[in-house]
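Coordinate analysis (summary)
Single-letter residue listing:
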Amino acid sequence: MDRSKISTGHHYLAPPVAAPSSELLFGRLGAYWQTLGVTDPAQVQALTEQVLRRAAELPETPALDPLARALMVCGDLLDEWLARVLELPRPSRQLAAARAALLSGVAPDWPKALFAPPGEAMDHLLDTLRVAIAEPTPPPIASAMPTQRIRSFSLLGLLRVLWRKLFGG
Amino acid sequence: MANSVQTPEPIGHALRQAGFFALVILSTLIALGLLVSVFHTDGLSPIELLLLLLYAILFSWICISFWSALMGFFILLFGRDRWAISRQPGTSPDPTAPPPRTAILMPIYNEDSQRVFAGLRATHQSLVDTGQSDGFDFFILSDTRDPDVWVEEELRWQDMVRALDGKGRIFYRNRPENTSRKTGNLEDFCTRWGGHYRYMIVLDADSIMKGSTLVEMVRLMENHPGVALIQTPPVPVNRESLFARILQFAGGIYGRMFTAGLNYWQLGESNYWGHNAIIRIQPFLDHCGLPKLSGREPFGGEILSHDFVEAALLRRAGWEVWLAYDLDGSYEEIPPTLIDYAKRDRRWCQGNMQHLRLAVSRGLNGISRLHFIMGVMSYAASPLWLLFLVATGVDAYLQTQQELVYFFGQNWMPVWPVSFAVEMTTVLLVTLTMLFLPKLLALLLLLKDAKLLRAYGGLAAATWSVILETVFSVLTAPVLMLFQTKFVLAILMRRAVGWPPQQRGDHMTSFKEAALAHGGHTLIGIVTGVLSYWYVPAFFWWFTPVLVGLILSIPVSMLSSSIALGRQARELGLFLTPEETEPPAVLRYLAENLEDDEPVLPVLRDQPRSRFVQALTDPYVNALHLSLLPEREPPGKRRRHYLEGLIHHLEEEGPDSMSAAQKRDLIADPESLQRLHALFWSRPPADAGALP
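As the structure is a computational prediction, the values presented were derived from the model and not from experiment.

**Some thoughts on the overall build of chain B**
Across its full length, chain B holds 27 helices and 10 strands. For a compact globule of 692 residues, the expected C-alpha radius of gyration is about 26 Å, and chain B comes in at 28 Å, within 12% of that figure. Along the first, second and third principal axes, the C-alpha set of chain B runs to 110 × 65 × 55 Å. Looking at the 692 residues of chain B, the share that counts as buried comes to 58%.

Below you can see the structure in the form of structure tokens.
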């Protein structure tokens, strides 16, 4: 290990903030929601507040700073909604695929459906998502592939066969 | 046990093989007889015995190649082989049976993703052109370990699915562990998804296949229920360096004659070359589970070169294996330089040497054994030729040391030494004829087909190309002989030959690279030249073709890697191939896909410094990657600790301080992946440009 990198005290990731200000929390979470496609400031505000409420209820974990914990909740919130509307188990590979489909850009108006009451917009979104959800492999059909035996050449074996052929027994 | 194939008639088949081997044995015996008559006058010395033995082995090896080429020449001259698989009527498929489904498999390992997917798309486009793509699914079977390439593959796959509306037809998976390499990769497919399909067509990372060829392969399999495997001959294409263009020309013009000749005597006992072949999945499942060989490497352990063994096992079980020499539209790319070619040889050499043991395994068919021996001889011939040359030099030197005695015994008349110049010249001429006549015959074959002749640039250009290719092969043969000898010896002595990985794309060989690779060859050439000129001057002149090749190996290797020279040669009409003069649609598609790389996925249009970091920062890439991870049990305590350590390592020192394996471990774990995504967003690094 290159010790000199550690001794400098400069870490690759910025140092964690133990007690982040509201400004920082709203700023980072807002930026995250915008990257996910939520552009309406009111929707960003509503989602961020919901995330912060839920994050506050979570037990503290030393591995994650408060902001990281809140960001994890963003994903949870999205997954929860997707699991409900698409009737998918949590956690599951299909749910991750649904999240990927949602974020892939096939349905840029998805936040509208998220905030709208159930109706045509939601149905259209769900149809679009169902088509876009990736299917990496077909369902498995287990087949056996028995290991074959390849018998090496053996001089002794050859002599034995010859012996049997010549003298029987 | 397979259903027996109706044709060819067993007697006719046996007669063909008997006739072919009779020619091989007879020509070997005649050449040996001439050599024995020279050596035998004053009794055989040990060195002469060695020379005879080596000559017998090497000459019979040349004979198989020569007679195959000659048979191929006559087949192409007089039309198709009536017993070729494509000419046999076969049986009509059962109309009540469901239509066959075929999986097109592309096993990949840390390849250039852009090229892999461009090739696969080209094959897909060509298949769609046939209007029969419904029966085919595509599988990208990744064994990639490099995390950046892994993420790139996932994005390229998703982009291909989107662009071609390929959901449920184009699949991708990355194996958590690449156990047993390519064999394990294919076995994993067969045991998990093979049940969905009747056939699989195995491609290589640089394979391209015409859609009509894929359809025809399936049709042949349907019509011949006793056939388990049909191999198509892949034609080398797409390279621009002089070296590769010469090889592409040689592969095109001579290759078709050799493959026709191989099919002439192998018929339903042919071989599998590892890719560009169609395989019936059920017999493959039943008979091709490869065992580990007892003992240590090089002859024990995992079977490295699986293809020959799988063909032999299918044959052992009674299934037929064919070479469809007349199916065109099967392409591959070759190494661009002499050094890359040698590097590929190094990888193949160990697998082929292992076949020495398999050739004497019990229960295999005779022709399968011959395939193994031919595989071994592809590499073992080099040290044997080297030994032959050294022994010839030593013998020549010993001859010069003998004083001639003209009067001995009761003879009062001098007894003059007998000259064997005629016999020796005959042996030499026969050997040279066997080596070079096929080239002339291949040229003659072009005269039969005006269109093909034009595609090779016309008679004058093709003739010059054959002459120059011959000179080039004479110059490079001794270099390859020394390379392969080194590889064989290293394998036998269990020594590693340290070399960086082979570069697939066109690139120039630098002086440093050439000097490192060929410095020893040049030195050997100079020292041998001086020694032979000094001690055996008569031998020196015979030896010059070998010496020139070795002494010039550095400039030849560098110049032949030149793309500019390759293009100039093309402008002069040299080394043209039909695929260059009139590229088939599938190759045009490939060129277009590579040129107009306009992904549907916006995230692919970015060229981030690291796809690994992108998988941690970009919510879409992160989610897609997460969705493609296999569902596994959560890691145990010790593994969890290890992953925690890696996360801290990344937090503190960044991705550049981590090995590829460490990075892979991190993004292979769903929990770490999600946690790092949150960490990167909460504490963005200075260089994470994608993060707002």
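After presenting the structure, the write-up continues.
**Focus: the layout of surface pockets**
Gaps left between atoms are located by rolling a probe of water-molecule size over the structure's atoms. As a volume, the second largest pocket reaches approximately 1,000 Å³. A:P91, B:L626, B:P670, B:E671 and B:Q674 are the residues nearest the centre of the second largest pocket, which is lined by 36 residues in total. Residue assignment for the lining of the second largest pocket shows that the elements contributing at least two residues are helix 4 (66-86) and helix 5 (93-103) of chain A together with helix 24 (619-628), helix 25 (637-653) and helix 27 (670-682) of chain B. Broken down by element, the residue count for the lining of the second largest pocket peaks at 6 residues, all from helix 27 of chain B. Each residue belonging to the lining of the second largest pocket can be placed in one class, and the counts come to 17 nonpolar, 6 polar and 13 charged.

**A look at the UniProt feature "transmembrane region" (unreviewed entry) in chain B**
UniProt marks residues 20-40, 52-78, 372-398, 418-445, 514-536 and 542-565 of chain B with the feature "transmembrane region" (unreviewed entry), using the numbering shown here. Helix makes up 88% of residues 542-565 of chain B and strand makes up 0%, while its end C-alpha atoms are separated by 31 Å.

**Examining the interface of chain B and chain A**
Contact with chain B, which involves 68 residues of that partner, is made by 58 residues of chain A. Interface area for chain B against chain A, summed over the two sides, is near 5,500 Å², with a carbon-plus-sulfur share of 61%. The largest per-residue losses of area from chain B upon contact with chain A belong to B:R362, B:W681 and B:R683, which jointly make up 13% of the total buried on that side. Of the residues forming the side of chain B that touches chain A, the biggest block, 8 residues, is contributed by helix 27 of chain B. Taken together, the residues of the side of chain B that touches chain A break down into 38 nonpolar, 14 polar and 16 charged.

**A short note on helix 17 (residues 537-551) of chain B**
Residue and element names in this part refer to chain B. If you check helix 17, its first and last C-alpha atoms are just 18 Å apart, much less than what 15 residues at 1.5 Å a residue would give, namely 21 Å. Most pronounced at F543, the bend in helix 17 amounts to some 60°, and the proline P545 follows within four residues. If you check which residues of helix 17 are buried, you get F539, F540, F543, V546, L547, G549 and L550. Here the buried face of helix 17 lies against helix 12 (366-401), helix 15 (459-492), helix 16 (511-535) and helix 18 (553-560).

**A look at the UniProt feature "domain: Glycosyltransferase 2-like" (unreviewed entry) in chain B**
On the UniProt side, "domain: Glycosyltransferase 2-like" (unreviewed entry) is annotated at positions that read residues 201-396 of chain B here. Each end of residues 201-396 of chain B is marked by a C-alpha atom, and these two atoms are 53 Å apart; helix forms 55% of the span and strand 11%.

**Some details on the confidence of the model for chain B**
Residues at a pLDDT of 70 or more form 93% of chain B, whose mean pLDDT is 91. In this model, residues 1-7 of chain B is a region of pLDDT below 50 whose contacts with residues beyond four sequence positions or in other chains number 15 contacts.

**Quick notes on helix 6 (residues 211-223) of chain B**
Residue and element names in this part refer to chain B. End to end, helix 6 covers 19 Å across 13 residues, agreeing with the expected 18 Å (1.5 Å per residue, within 8%). Across the 13 residues of helix 6, 10 count as buried, placing the element largely inside the fold. Along helix 6, the residues that are buried comprise G211, T213, L214, V215, M217, V218, L220, M221, E222 and N223.

**Notes on the sheet that holds strand 10 (residues 330-332) of chain B**
Residues and elements named next belong to chain B. The strand order across the open sheet formed by 3 strands is 5-10-7, and the pairing between neighbours is mixed. This sheet does not close on itself; its edge strands, each paired only once, are strand 5 (208-209) and strand 7 (235-236). Direction of pairing for strand 7 relative to strand 10: parallel, over a ladder of 2 bridges. By the bridge assignment, V235 is partnered in strand 10 with Y331.

Definitions and limits used
- Residues numbered from 1 in each chain as written.
- Chains lettered and ligands numbered in written order.
- Predicted model: local features only at pLDDT ≥ 70, side-chain atom pairs only at ≥ 80, totals over all residues.
- Heavy atoms only, no water.
- Helix = DSSP H or I, 4+ residues; strand = E, 2+ residues; numbered from the N terminus.
- Rg over C-alpha atoms; globule rule 2.2 N^0.38 Å.
- Buried < 20%, exposed > 50% of the residue type's maximum accessible area, 1.4 Å probe, protein only.
- 1 Å grid on protein atoms, 1.4 Å probe; cavity = no way out; pocket = protein on both sides within 12 Å on 5 of 7 lines; lining within 4 Å.
- Points joined across faces, edges and corners; volume = space filled by probe spheres on them.
- Nonpolar A, V, L, I, M, F, W, Y, C, P; charged D, E, K, R; others polar.
- UniProt positions renumbered as here; feature names shortened; annotations may be inferred.
- Contact = heavy atoms within 4.5 Å.
- Buried area = accessible area lost by both parts, 1.4 Å probe.
- Expected span 1.5 Å × (residues − 1).
- Bend = angle between axes of the 7 residues up to and from the residue.
- pLDDT = per-residue confidence, 0-100.
- Pairing = 2+ DSSP bridges.

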